Amino acid sequence: MTGIGRRRRWIGRVALAAAVAVTAGAAAVVGFGGRLRGSDDQADAGGALPPQTARVTRQTLVDTQTRSSELGYGDTTTFASRLTGTVTSLPDIGSTRKRGQAIYRIDNTPVVLLYGSLPAYRALSVGTEGDDVKQFEQNLQELGFSGFTVDSEYTASTAKAVQRWQKDLNLLQTGTVELGRVSYAAGPVRVDTLKAAVGEMTQPGTALLACTGTSRVITVELDVDDQRLASNGAAVTVTMPDGKTAPAKITKAVTVVKPAEGSNPAATKIEVTITVDDEKALDSLAQEALDVTFTATERKDVLTVPVAALLALAEGGYGVQVVEGAATRIVAVQTGLFAGGRVEVSGDALTEGMTVGMPA
């Protein structure tokens, strides 16, 4: 073939050398070379065999992203007094409080922890009705008090049970639950920090302590561009300092605004909370950084080739150089997911097991 004829069919091929950028499940590849025009399946006019080859394989391709995280107990909740008086007792930092226990004491009387999502906002007495009544009665029943119906109405029967409860707490047996006598949380709490000291005067609104949940959780801060990684319920893998791994899942993902600090401007982040399937795997660890691997995208049973096997075609798109004995030909392909140095490819002329060139 003449040099002119060869030039009409080919501009030349240059191996893909640019980096592969993978965002939102797509990939961008930069390169040059390939055919000027012609069919999707065309003999290689150059005729030279590539210096290296690889196989077209069928496999599951997984795009994973690893981020650093912090081990702790999750978000804190501040408990503020609704009573006026003197702080006479506060719990130890790191201690746990459960339903029915005093979370702190004002004027040597207990403020009792109960479970629920609705905060206490009024006194409860005979004739009071509402969801807060039902929530309180559910707790009263769980604490072993009976003789009333758990519903949204505070009856005389409820008041009698409350008097028995108050007697156990060495409180005046009024049958009325005063505002500030109980404080609600989602479940058991762990005391994280104290915001007041024993002996200080308190009034409604005075912050006394901050608590967390009792289960250890892992927190990862993601950029907004990584929103695709933060899917509630999604499985992730946690790598421990000793290299061991543990399965986990995303239990919460919220958008937070980080305030400006020093020369760093305010920034919007995705705060992801992760729970390890077996919490015992974290028993020996202090509050330290762990690596979390997210599965961004997964493509099952797809044809793949090494990224370096891709050729950028002159007329647009990509192809691979199929090697068949001493002959080669270019096959146009459509690219999909890029992951782990390989790329998903598809095309009518492409089959599993084919040999493709890896140009220098």
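What counts and how
- Residues numbered from 1 in each chain as written.
- Predicted model: local features only at pLDDT ≥ 70, side-chain atom pairs only at ≥ 80, totals over all residues.
- Heavy atoms only, no water.
- Helix = DSSP H or I, 4+ residues; strand = E, 2+ residues; numbered from the N terminus.
- Contact = heavy atoms within 4.5 Å.
- Phe/Tyr/Trp six-rings, centres within 6.5 Å; stacked < 30°, edge-to-face > 60°.
- Buried < 20%, exposed > 50% of the residue type's maximum accessible area, 1.4 Å probe, protein only.
- Core = buried A, V, L, I, M, F, W, Y, C linked by side-chain atoms within 4.5 Å.
- Expected span 1.5 Å × (residues − 1).
- Arc of directions from axis to C-beta.
- Polar contact = N/O pair within 3.5 Å; in protein donor to acceptor, adjacent residues only side chain to side chain.

Help me understand the environment of V62, please; the structure alone is not making it clear to me.
Along the chain, the position of V62 falls in strand β7 (residues 57-72). Ignoring anything within four residues of it in the chain, the contact list for V62 reads T295, T297, E298, L337 and A339.

Got a minute to help me understand the packing of aromatic side chains in this structure?
Pairs of aromatic rings are described using the distance from one ring centre to the other and the angle between the two planes. Applying the stated criterion to the full structure yields 1 aromatic pair. With a centroid separation of 5.6 Å and an interplanar angle of 70 degrees, the aromatic rings of F136 and W165 are classed as edge-to-face. Linking F136 in helix α2 (residues 131-142) with W165 in helix α3 (residues 156-168), this pair joins segments that are 29 residues apart in sequence. W165 shares its class with F136; the two are buried.

Explain the nonpolar core to me, please; I cannot follow it from the model alone.
Nonpolar side chains tend to gather and get buried jointly when the protein is soluble and globular. Within the largest apolar cluster, 22 residues are counted, with the highest numbers of intra-cluster contacts made by I218, I274 and F294. Within the residue set of this core, elements represented by two or more residues are β17 (217-223), β18 (235-239), β19 (245-258), β20 (267-276) and β21 (289-306). When neighbours within four sequence positions are excluded, I218 is seen to be in contact with S69, E70, L71, V238, V272, T273, I274, V276, L290 and V292. Formed by 20 residues, the second largest nonpolar core is a distinct cluster that contains L303, A312, Y318 and V322.

Is there a simple way to explain α3 in this structure?
Residue pairs three or four apart in sequence face the same way in an α-helix, which turns once every 3.6 residues. The terminal C-alpha atoms of α3, which comprises 13 residues, lie 19 Å apart, in line with the 18 Å expected from a rise of 1.5 Å per residue. The set of residues buried in α3 consists of T158, A159, A161, V162, W165 and Q166. All buried residues of α3 lie within an arc of 160 degrees about the axis, which places them on one face of the element. In this structure, α3 carries K160, K167 and D168 as exposed residues pointing more than 90 degrees from its buried face.

For this particular structure, what's the right way to read the side chain of D132?
Structurally, D132 can be placed in helix α2. Assessed through its relative accessible area of 6%, D132 is described here as buried. Side chain to side chain, D132 and Y121 meet in a polar contact 3.5 Å long. In contact with D132, other than residues within four places in its own chain, are L118, Y121, R122, L124 and Y184.

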